Amino acid sequence: QWGPGSATVDTNLYRTAVNTLRTDSNWQVGGIGQEKYSAKTSDETRTNTTTYQDDSALAIPLDANSTYVIDGYLTYVTPSAATGIAFAFYYTGTSSMGSWTPDGESGSVSSDTGTIRRAVGGIQNQSSATGASGFALTATATPNPLAVKPYGVIRTTTAGTLRLCWTQVAANAT
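Reference entry: report on the structure contained in this document. Sequence order as written defines residue numbering, which begins from 1 separately in each chain. With pLDDT at 70 or above as the cut-off, local features in this predicted model cover only qualifying residues; side-chain atom pairs require 80 or more to be listed or tallied, and sums for whole chains, interfaces and linings still use all residues. Processing note: side-chain calculations cover all non-hydrogen atoms of the structure and skip hydrogens and water entirely.

Moving on, we get to the sheet that holds strand β10 (residues 121–122). Through backbone hydrogen bonds, the strands of a sheet pair up, either in parallel or in antiparallel fashion. At least two bridges found by DSSP between two strands is the condition for calling them paired. Secondary structure elements follow DSSP: runs of H or I no shorter than four residues count as helices, runs of E no shorter than two count as strands, and numbering proceeds from the N terminus. One open sheet holds the four strands; their spatial order is β4-β14-β7-β10, and the pairing between them is antiparallel. Strands at the two margins of the open sheet, each flanked by one partner only, are β4 (66–71) and β10. Bridge count between β4 and strand β14 (residues 151–156): six bridges; the pairing is antiparallel. By the bridge assignment for β14, Asp71 is matched with Tyr151.

Now the structure itself:
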């Protein structure tokens, strides 16, 4: 029973089993504690391009009127010290608010130390990777592989897909 105990009972909420709450009236809760994830099963390359393209696997459909935390871990290889990777997120729904930080190595990096890029960027509402803008992570050395740990939040008002897109910072044939 909700309330101080002296009021008229309007909702009965009780436990029927481990991790199960039940009610005999109309009560709905959605989206709390649900996880949605996407995983890559193979490597993907970008050759001689500085145009953002969708990652072939990293896309997650999101529900309308919901809030999601973005928490990821990506490893990547750069072909040379001059070539980095730029990452961006965008949302295909018509309305959302979101931001993220790459938490990735950038600048002078040695075998196990370096600078972490932690600026905050927006998550654009758009239908494709065309025109995306994100964070360029470049290293002055190549202790490959490198890592980025994107973290952020998105609040949706319409259903859509959260997509990761990326490109080379400087075009390189490898």
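This part covers the packing of aromatic side chains. Two rings belonging to Phe, Tyr or Trp (six-membered ring only in the last case) form a pair when the distance between their centres is within 6.5 Å. Interplanar angles under 30 degrees mark stacking, angles over 60 mark edge-to-face geometry, and anything in between is tilted. Under the criterion given, the structure shown has two aromatic pairs. For the pair Tyr76 and Phe87, a centre-to-centre distance of 5.5 Å together with 70° between the ring planes defines the contact as edge-to-face. Of this pair, Tyr76 sits in strand β5 (residues 74–76) while Phe87 is found in strand β6 (residues 85–91), placing the two residues 11 residues apart along the sequence. Phe87 carries the same exposure label as Tyr76, and that label is buried. Here Phe89 and Trp100 contribute two aromatic rings whose centre-to-centre distance is 4.8 Å and whose plane-to-plane angle is 85°, an arrangement assigned as edge-to-face. Of this pair, Phe89 sits in strand β6 while Trp100 sits in strand β7 (residues 96–101), and the two are 11 residues apart along the sequence. Here Phe89 matches Trp100 in class, with each residue buried. Each ring is checked for a lysine NZ or an arginine CZ that lies within 6 Å of its centre and within 35 degrees of its normal; such an atom marks a charge sitting over the ring. Above the ring of Trp166, the side-chain terminus of Arg46 is found at 3.9 Å from the ring centroid. Partly exposed describes any residue whose relative accessible area lies between the buried limit of under 20% and the exposed limit of over 50%, with all areas from a 1.4 Å probe on protein chains only and scaled to the type maximum.

The subject of this paragraph is the nonpolar core. To define a nonpolar core, start from buried Ala, Val, Leu, Ile, Met, Phe, Trp, Tyr and Cys residues and group those joined through side-chain atoms within 4.5 Å. In this structure, Leu62, Tyr76, Phe87, Phe89, Ile123, Ile154 and Leu162 are the most contacted members of the largest nonpolar core, which totals 21 residues. Elements with a minimum of two residues in this core: β3 (53–62), β4, β5, β6, β12 (135–137), β13 (146–148) and β15 (160–168). Considering each element in turn, this core owes the most residues, four residues, to β6. Ala86, Ala88, Tyr90 and Ala129 belong to the second largest nonpolar core, which has seven residues in total.

Okay, the layout of surface pockets next. Its volume calculated, the largest pocket comes out at about 1,100 Å³. With a 1 Å grid spanning the protein atoms alone, the term cavity applies to any set of points in which a 1.4 Å probe fits but cannot get out, the term pocket to an open set with protein on both sides within 12 Å along at least five of seven lines, and the term lining residue to any residue with an atom within 4 Å of a point. Along the wall of the largest pocket there are 43 residues; nearest its centre are Lys40, Leu58, Tyr73, Leu74 and Leu164. Contributing elements (two or more residues each) for the lining of the largest pocket: β3, β4, β5, β6 and β15. By residue class, the composition of the lining of the largest pocket is 22 nonpolar, 12 polar and nine charged. Grid points are joined across faces, edges and corners, and a volume is the space filled by probe spheres set on the points. Each residue is assigned to one of three groups, with Ala, Val, Leu, Ile, Met, Phe, Trp, Tyr, Cys and Pro labelled nonpolar, Asp, Glu, Lys and Arg labelled charged, and all others, Gly among them, labelled polar.

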